[in-house]
Amino acid sequence: MEFKRFLMDGPVEIIPRRFGDARGYFFESYSYRVFAENGISTEFVQDNQSVSQRGVLRGLHFQKPPYAQAKLVRVAAGRALDIAVDIRKNSPTYGQHIACELDAEKNNMFFIPEGFAHGFAALTDNTIFMYKCSHYYNPAAEGGLLWNDPALGINWELTEPILSPKDIILPKLQELDSGF
Ligand SMILES: Cc1cn([C@H]2C[C@H](O)[C@@H](COP(=O)(O)OP(=O)(O)O[C@H]3O[C@H](C)C(=O)[C@H](O)[C@H]3O)O2)c(=O)[nH]c1=O
């Protein structure tokens with residue numbers, strides 16, 4: 001596995017080693033030991049999966065402390081543009097984002113630490129999005145950030161995304177009270 005860190009204590013792209021043969025291929029999608037040896041000792045407690053058609057945008061979401069979630073995300077089918085926004089008030093990169101294109105053909109993964117709002121745009125139909133979370137779902141602790149807040153400057157590669165009613169009315173960065 002190759003680990004590419006974007007920021008100190010920030011998101012990390014992980015590219016697993018793939019073993020191909022005449023039948024197809026195999027790769028380890030997660031190993032606590034290998035991740036801990038590479039500085040990610042997060043313990044995950046919940047796995048999620050969503051399926052989206054091309055043009056769906058889910059996010060930007062987070063859970064407030066003490067229910068904050070670190071996430072390890074990947075796509076099992078399709079491609080997605082994944083975005084992590086730094087919402088740690090005292091961070092020198094507050095409000096900045098890291099983008100990572102997830103591709104089921106590359107099997108790449110993206111680790112998003114606590115303190116980052118997370119979202120993705122599905123770039124293909126039948127994008128199967130799978131992710132591990134470090135805290136259980138707690139709807140009372142849910143927070144969000146408006147996907148197209150000009151202050152974030154995110155290029156989602158989509159013109160008219162398909163959003164949930166909840167995501168359309170999320171606050172802008174200047175209104176955010178994230179708790180981080
Ligand atoms: C997140 C979650 C949701 N749900 C239920 C609640 C709703 O009835 C339904 C759909 O939830 P929601 O519209 O919040 O799903 P997404 O918009 O895909 O939300 C996710 O999108 C972005 C990409 C994230 O990073 C978060 O993990 C998560 O917020 O699933 C659960 O039962 N458990 C859960 O952990």
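Residues numbered from 1 in each chain as written. Predicted model: local features only at pLDDT ≥ 70, side-chain atom pairs only at ≥ 80, totals over all residues. Heavy atoms only, no water.

1. Looking at the overall build of the protein chain
Thinking step 1. Within the protein chain, the regular secondary structure consists of two helices and 13 strands.
Thinking step 2. For the protein chain, with 180 residues in total, the buried portion stands at 50%.
Thinking step 3. Long-range pairs, those at least 24 residues apart, make up 79% of the contacts in the protein chain between residues at least 6 apart in sequence.
Thinking step 4. In the protein chain, the 18 positive side-chain charges and the 22 negative ones have mean positions that sit 2 Å from each other. (Helix = DSSP H or I, 4+ residues; strand = E, 2+ residues; numbered from the N terminus. Buried < 20%, exposed > 50% of the residue type's maximum accessible area, 1.4 Å probe, protein only. Contact = heavy atoms within 4.5 Å. Lys, Arg positive; Asp, Glu negative; His and termini not counted. Charge placed at Lys NZ, Arg CZ, Asp CG, Glu CD.)

2. Observations concerning the packing of aromatic side chains
Thinking step 1. For the structure shown, the criterion picks out eight aromatic pairs.
Thinking step 2. Ring plane angle 80 degrees and centroid distance 5.5 Å describe the contact between Tyr-30 and Phe-44, whose orientation is recorded as edge-to-face. With a gap of 14 residues between them, Tyr-30 in the loop between strand E4 (24–26) and helix H1 (32–37) and Phe-44 in the loop between H1 and strand E5 (46–52) connect regions that are remote in the sequence.
Thinking step 3. Here the aromatic residues Phe-3, Tyr-30, Phe-35, Phe-44 and Phe-111 are joined through ring pairs into a cluster of three or more.
Thinking step 4. The ring of Tyr-25 carries Arg-18 above its face, with NZ or CZ at 3.8 Å from the centroid. (Phe/Tyr/Trp six-rings, centres within 6.5 Å; stacked < 30°, edge-to-face > 60°. Lys NZ or Arg CZ within 6 Å of the ring centre and 35° of its normal.)

3. Thoughts on the UniProt feature "active site" (unreviewed entry) in the protein chain
Thinking step 1. Per the UniProt annotation, the sites labelled "active site" (unreviewed entry) are His-61 and Tyr-131. What stands out for the annotated residues spanning 71 residues is how close their C-alpha atoms remain, the widest pair being 13.7 Å apart.
Thinking step 2. When you line up the elements, His-61 lands in strand E6 (residues 57–63).
Thinking step 3. Sequence-distant contacts of His-61, defined by excluding residues within four places in its chain, comprise Lys-71, Phe-116, Ala-117, His-118, Gly-143, Gly-144, Lys-166, Asp-167 and Leu-170.
Thinking step 4. Discounting chain neighbours no more than four positions away, the residues touching Tyr-131 are Gln-46, Asp-47, Asn-48, Lys-71, Leu-72 and Val-73. (UniProt positions renumbered as here; feature names shortened; annotations may be inferred.)

4. Looking at the side chain of Thr-127
Thinking step 1. Its place among the elements puts Thr-127 in strand E12 (residues 127–133).
Thinking step 2. A relative accessible area of 0% means that Thr-127 is categorised as buried.
Thinking step 3. In contact with Thr-127, not counting residues within four places along its chain, are Ser-50, Val-51, Ser-52, Val-75, Ala-77, Gly-78, Arg-79, Ala-80 and Ala-122.

5. Remarks on the site of the ligand
Thinking step 1. Gln-46, Asn-48, Arg-58, His-61, Lys-71, His-118, Phe-120, Tyr-131, Tyr-137 and Lys-166 make up every residue found near the ligand.
Thinking step 2. Contact between the ligand and Gln-46: an oxygen atom at 3.0 Å from a side-chain N or O atom of the residue.
Thinking step 3. A distance of 2.8 Å separates an oxygen atom of the ligand from a polar side-chain atom of Lys-166.
Thinking step 4. Notes on the ligand: free accessible area 660 Å², of which the protein chains cover 65%.
Thinking step 5. At the level of elements, E5, E6 and strand E11 (116–122) are the ones that each hand at least two residues to the shell around the ligand. (Near = heavy atom within 4 Å. Polar contact = N/O pair within 3.5 Å; in protein donor to acceptor, adjacent residues only side chain to side chain. Areas by Shrake-Rupley, 256 points an atom, 1.4 Å probe, with all protein chains shown as cover.)

6. Comments concerning the pattern of salt bridges
Thinking step 1. Under the counting rule described, the total for this entry stands at six salt bridges.
Thinking step 2. Across the pair Lys-4 and Glu-13 runs a salt bridge, and its minimum N-O distance is 3.6 Å.
Thinking step 3. Given the relative accessible area of 38%, Lys-4 is considered partly exposed.
Thinking step 4. By relative accessible area, Glu-13 is classed as buried at 11%.
Thinking step 5. The shortest N-O distance in the salt bridge between Lys-166 and Glu-142 comes to 3.9 Å. In this pair, Lys-166 sits in helix H2 (residues 165–168) while Glu-142 sits in strand E13 (residues 142–144), placing the two residues 24 residues apart along the sequence. (Salt bridge = Lys/Arg side-chain N within 4 Å of Asp/Glu carboxyl O.)

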